[in-house]
Amino acid sequence: MRRYTFDLLTPRAKTAWDKAAGKDRGAELNAEAGRHFARVDHCYRVILGRVATALVAKLSDELDEVLAGYAAFKRAAAVLDFEDLLERARALVRRHDAVRRALGQRYRHVFVDEFQDTDPVQAEILFRIAADDSPPRWQDSLLRAGALSW
């Protein structure tokens, strides 16, 4: 295996095959070994994929429980976290056109520093506020001239 990875190291033994069986037979044996290695590597990757899928499923189940507990805690404490604020802001500008238009009139120009660090939820909020329209897909928004820059 390669160091610090799960990749199998491709054998490089042509010279050893040539020494052990002669040049012609060594080349044949090396090619056969290469075919066997390719098959083993394929099976190994299939197994890794299945193990990874099973781990992700198990972790997802565990994480769902943790997230449900966190959501219940927030409800009981009557608090919102940053993600909740983003989700609610997105829902507001997505579902209430009057609110979206009012925000667009209030904030005629929005400059976003480090736009590459903006996540899709934040981008949708910005695009919807800066748009003249409200298409189902925010990526299809027609932005007002100069309303959004980065």
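Before reading further, recall that the structure is shown in the block above.
Residues numbered from 1 in each chain as written. Predicted model: local features only at pLDDT ≥ 70, side-chain atom pairs only at ≥ 80, totals over all residues. Heavy atoms only, no water.

Moving on, we get to the packing of aromatic side chains. Within this structure, the stated rule accounts for three aromatic pairs. Considering the side-chain rings of F115 and W150, the 4.4 Å spacing of their centres and the 15° angle between planes classify their relative orientation as stacked. Remark: W150 occurs in the segment after β2 (148–149) and F115 occurs in the loop between β1 (110–111) and α5 (120–130); sequence separation between them is 35 residues. Given a relative accessible area of 55%, W150 falls into the exposed group. Ring plane angle 70° and centroid distance 5.1 Å describe the contact between F127 and W138, whose orientation is recorded as edge-to-face. Of this pair, F127 sits in helix α5 while W138 sits in the loop between α5 and β2, placing them 11 residues apart in sequence. The exposure class of F127 is buried, given its relative accessible area of 13%. (Phe/Tyr/Trp six-rings, centres within 6.5 Å; stacked < 30°, edge-to-face > 60°. Helix = DSSP H or I, 4+ residues; strand = E, 2+ residues; numbered from the N terminus. Buried < 20%, exposed > 50% of the residue type's maximum accessible area, 1.4 Å probe, protein only.)

Residues I47, V51, L55 and L59 make up a contiguous nonpolar surface patch of about 400 Å² in total accessible area. Along the chain, I47 falls in helix α2 (residues 23–77). (Patch = residues over 30% accessible without salt bridge, like charges linked within 9 Å, V, L, I, M, F, W, Y side chains within 5 Å. Areas by Shrake-Rupley, 256 points an atom, 1.4 Å probe, with all protein chains shown as cover. Salt bridge = Lys/Arg side-chain N within 4 Å of Asp/Glu carboxyl O.)

Two elements in contact, helix α1 (residues 14–21) and α2, have axes whose closest approach is 7 Å; the angle formed by their N-to-C orientations is 135°. The orientation of α1 with respect to α2, classified from their angle, is oblique. In this structure, α1 crosses over α2, and the sense of that crossing is right-handed. Here α1 contributes K14, W17, D18 and A21 to the contact with α2, which in turn contributes K23, R25, G26, A27, L29, N30 and A33. Of the residues in the contact of α1 with α2, the class split is five nonpolar, two polar and four charged. (Axes fitted to C-alpha atoms, helices over the stretch in contact; angles between N-to-C directions. Parallel < 35°, antiparallel > 145°, perpendicular 65-115°, else oblique. Left-handed = near helix turned anticlockwise from the far one by under 90°. Contact = heavy atoms within 4.5 Å. Nonpolar A, V, L, I, M, F, W, Y, C, P; charged D, E, K, R; others polar.)

A few words on the packing of helix α3 (residues 82–95) against α5. Axis angle and axis distance: for two packed helices, these are the angle between their axes and the distance between the axes, and together they describe the pair. Axis separation between α3 and α5 bottoms out at 9 Å; the angle between their running directions is 30°. Relative to α5, the crossing made by α3 is left-handed. Contact residues: F82, L86, E87, A89, R90, V93 and R94 in α3; V121, Q122, E124, I125, R128 and I129 in α5.

Moving on to unusual backbone geometry. The backbone of A78 shows a phi angle near 55°, a positive value even though the residue is not glycine. Note on A78: relative accessible area 70%, which makes it exposed. The phi torsion at E114 lies on the positive side, around 60°, for a residue other than glycine. Relative to the helices and strands, E114 resides in the loop between β1 and α5.

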